[in-house]
Amino acid sequence: MSIEWICKHHTDLTKEQLYAILQLRTEVFVVEQRCAYQEVDGLDLCGDTLHLMGWDGERLVAYLRLLDPQAHEGEVVIGRVVTSPGARDMKLGHPLLLKGLEAAGHCWPGVSIYLSAQAHLQGFYARHGFEAVGEEYLEDDIAHIGMRKS
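Predicted model, so just to flag it, every value in this text is computed and none were measured.

Undergrad: What exactly am I supposed to notice about helix H2 (residues 93-107) here?
TA: Along its 15 residues, H2 runs 21 Å from first to last C-alpha, staying within 8% of the 21 Å computed at 1.5 Å per residue. Residues of H2 that are buried: Leu96, Leu97, Gly100, Leu101, Ala103 and Ala104. One face of H2 carries all of its buried residues, which in axial projection span an arc of 160 degrees. Opposite the packed face of H2, turned more than 90 degrees from it, sit the exposed residues Glu102 and His106.

Undergrad: Looking at this model, I keep getting lost on the pattern of salt bridges. Mind explaining?
TA: Opposite charge on two side chains allows them to pair when their charged atoms are near. Inspection of every chain in the model, using the stated rule, returns 10 salt bridges. Salt-bridge contacts for arginine 80 lead to glutamate 39; the nearest nitrogen and oxygen are separated by 2.5 Å. In this pair, arginine 80 sits in strand S4 (residues 76-83) while glutamate 39 sits in the loop between helix H1 (15-32) and strand S2 (50-56), placing the two residues 41 residues apart along the sequence. Each member of the pair arginine 80 and glutamate 39 is classed as buried. Between aspartate 44 and arginine 65 there is a salt bridge; the shortest N-O distance is 2.8 Å. Of this pair, aspartate 44 sits in the loop between H1 and S2 while arginine 65 sits in strand S3 (residues 59-67), and the two are 21 residues apart along the sequence. The same class applies to aspartate 44 and to arginine 65, which are both buried. One network of salt bridges, with partners in common, ties together Arg25, Glu39, Asp41, Asp44, Arg65 and Arg80.

Undergrad: Explain the pairing of strand S6 (residues 131-139) to me, please; I cannot follow it from the model alone.
TA: In summary, the side chains of a regular strand alternate between the two faces of the sheet. The pairing of S6 with strand S7 (residues 142-149) spans 6 bridges and is classified as antiparallel. In the strand pairing of S7, leucine 138 is matched with alanine 143. Where S6 folds back on S7, the antiparallel hairpin that results is connected by 2 residues, among which aspartate 140 adopts a positive phi of roughly 55 degrees.

Undergrad: Before we go on, may I ask you to explain unusual backbone geometry in this structure?
TA: Note: most peptide bonds trans; most residues except glycine with negative phi. The backbone of arginine 80 sits at a positive phi, close to 55 degrees, despite the residue not being glycine. Although it is not a glycine, lysine 91 adopts a positive phi angle of roughly 55 degrees. Looking at the secondary structure, you find lysine 91 in the loop between S4 and H2.

Rules used in this analysis
Residues numbered from 1 in each chain as written. Predicted model: local features only at pLDDT ≥ 70, side-chain atom pairs only at ≥ 80, totals over all residues. Heavy atoms only, no water. Helix = DSSP H or I, 4+ residues; strand = E, 2+ residues; numbered from the N terminus. Expected span 1.5 Å × (residues − 1). Buried < 20%, exposed > 50% of the residue type's maximum accessible area, 1.4 Å probe, protein only. Arc of directions from axis to C-beta. Salt bridge = Lys/Arg side-chain N within 4 Å of Asp/Glu carboxyl O. Pairing = 2+ DSSP bridges.

Structure follows, in structure tokens:
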């Protein structure tokens, strides 16, 4: 099984791609993790936001969002990192993050990268060069920690 990785500026997304993105994020972040929050946060279609998608045929199985550093204190912000529940046995987390880091480096070379990690995933992100910054905090009743890669 081969994953097709596609990274697009928000202006280049098709309506079907945007729908699949919002559907996957809602499935995991709102339904599976039981977090009632405004998942569609107004950042998907602004600035130079990029959307990295991993497709298994017609099915979106992995995704992350890269927010424009000009709108976020000079740092690229990685967020909405997600894999489809039905594809978790494919171990797509590391390839997804590597592709995201590659896209960030290509579009914004030399710019530090920030993310807000669920605290239990701190080791996962540390393997990719991220270091914790600040203290743990609760977001939607889930422990998180800020992490940065310079």
